[in-house]
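Residue-level structural notes
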Amino acid sequence: MDKFQEHDPRCRRETDGQWYSQPQDIALADTPEFSQRFFAEMFKEFPALAASVAFLRWSVWPDHLYAVFNFSSGGFGVQIDRGLEYIIVWGAGEHGEYGDWMGDRDRLASALDHVRTLVWWFESLSNAVE
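Predicted model only: the values in this text are computed from it and were never measured. (Residues numbered from 1 in each chain as written. Predicted model: local features only at pLDDT ≥ 70, side-chain atom pairs only at ≥ 80, totals over all residues. Heavy atoms only, no water.)

Overview of the side chain of arginine 107
- On the secondary structure map, arginine 107 appears in helix H5 (residues 107-129).
- Setting aside residues no more than four positions away along its own chain, arginine 107 makes contact with Phe34, Glu85, Ile87, Tyr98, Gly99 and Asp100. (Helix = DSSP H or I, 4+ residues; strand = E, 2+ residues; numbered from the N terminus. Contact = heavy atoms within 4.5 Å.)

Quick word on the environment of glycine 99
- Checked against the element boundaries, glycine 99 lands in the loop between strand S6 (94-98) and H5.
- Judged by relative accessible area, glycine 99 falls into the buried class, the value being 1%.
- Glycine 99 sits 18 residues away from aspartate 81 along the chain, and the two C-alpha atoms are 9.8 Å apart. (Buried < 20%, exposed > 50% of the residue type's maximum accessible area, 1.4 Å probe, protein only.)

Here's the deal with the pairing of strand S5 (residues 86-91)
- Burial analysis of S5 places 6 of its 6 residues in the buried class, the great majority of the element.
- As paired strands, strand S4 (residues 74-81) and S5 are joined by 6 bridges and run antiparallel to one another. Residue aspartate 81 lies in a different strand from S5, and its bridge partner there is tyrosine 86.
- Between S4 and S5, which pair antiparallel in sequence order, lie 4 residues; one of them, glutamate 85, sits at a positive phi of approximately 55°.
- For S5 and S6, the ladder comprises 5 bridges, and the chain directions are antiparallel. Residue valine 89 lies in a different strand from S6, and its bridge partner there is glycine 96.
- Once S5 ends, the chain turns through 2 residues before running back antiparallel as S6, passing alanine 92 with a positive phi of about 55°. (Pairing = 2+ DSSP bridges.)

Section: the nonpolar core
- Core analysis: the biggest nonpolar cluster contains 28 residues, and Phe38, Phe39, Met42, Leu49, Phe69, Phe76 and Val78 have the highest contact counts within it.
- Of all the secondary-structure elements, those providing two or more residues to this core are helix H2 (24-29), helix H3 (33-45), strand S3 (61-71), S4, S5 and H5.
- When residues of this core are assigned to their parent elements, the largest contribution, 7 residues, is made by H5. (Core = buried A, V, L, I, M, F, W, Y, C linked by side-chain atoms within 4.5 Å.)

Thoughts on the sheet that holds S6
- In spatial order, the strands read S1-S2-S3-S4-S5-S6; together these 6 strands make up an open sheet with antiparallel pairing. Strands with a single pairing partner mark the edges of an open sheet, and in this sheet they are strand S1 (19-22) and S6. Sheet twist, expressed as the average angle between the axes of neighbouring strands with direction ignored, equals 25°.
- Across the sheet, H3 lies against strand S2 (54-58), S3, S4 and S5, angled at about 155° from S4, the strand it touches most. (Axes fitted to C-alpha atoms, helices over the stretch in contact; angles between N-to-C directions.)

Thoughts on the pattern of salt bridges
- Inspection of every chain in the model, using the stated rule, returns 6 salt bridges.
- For the salt bridge of arginine 116 with glutamate 45, the shortest nitrogen-to-oxygen distance reads 2.8 Å. With arginine 116 in helix H5 and glutamate 45 in helix H3, the pair connects residues that are 71 residues apart, well separated along the chain.
- Residue class for arginine 116 comes out partly exposed when judged on its relative accessible area of 31%.
- The salt bridge partner of arginine 116 is aspartate 113, with a shortest N-O separation of 2.6 Å. Of the two residues, arginine 116 and aspartate 113 both sit in helix H5, 3 residues apart, roughly one turn of that helix.
- Among the residues examined, aspartate 113 registers a relative accessible area of 44% and is labelled partly exposed.
- Each of Asp30, Arg57 and Arg82 takes part in one network of salt bridges that share partners. (Salt bridge = Lys/Arg side-chain N within 4 Å of Asp/Glu carboxyl O.)

Rendered as structure tokens:
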């Protein structure tokens, strides 16, 4: 069993459709502006994430972009929904959806706060093991 199953969308979705990976430049070029800003900010703050991300597409929802981030102690995922213009972040048993439909005018800041918490959590766990 893959130890990253919990946060890898390929392991928690129905078996319908096909998953395929995309190089970072192609994945980001084919996303809305809010998504490009989100990843640019994340990678600026956490350059190591840019080097380790796996970008995925699912044939069932081909307009959604998925990103998987692995740490030695677990990981997290991000889903971008271009149609509804929201960001979903999950990992470490937590799940958050960030979009302006719930009064969250700055979905990028809210989603980045969630990512910061997850990065801190997994780095803390990794350091505790070392």
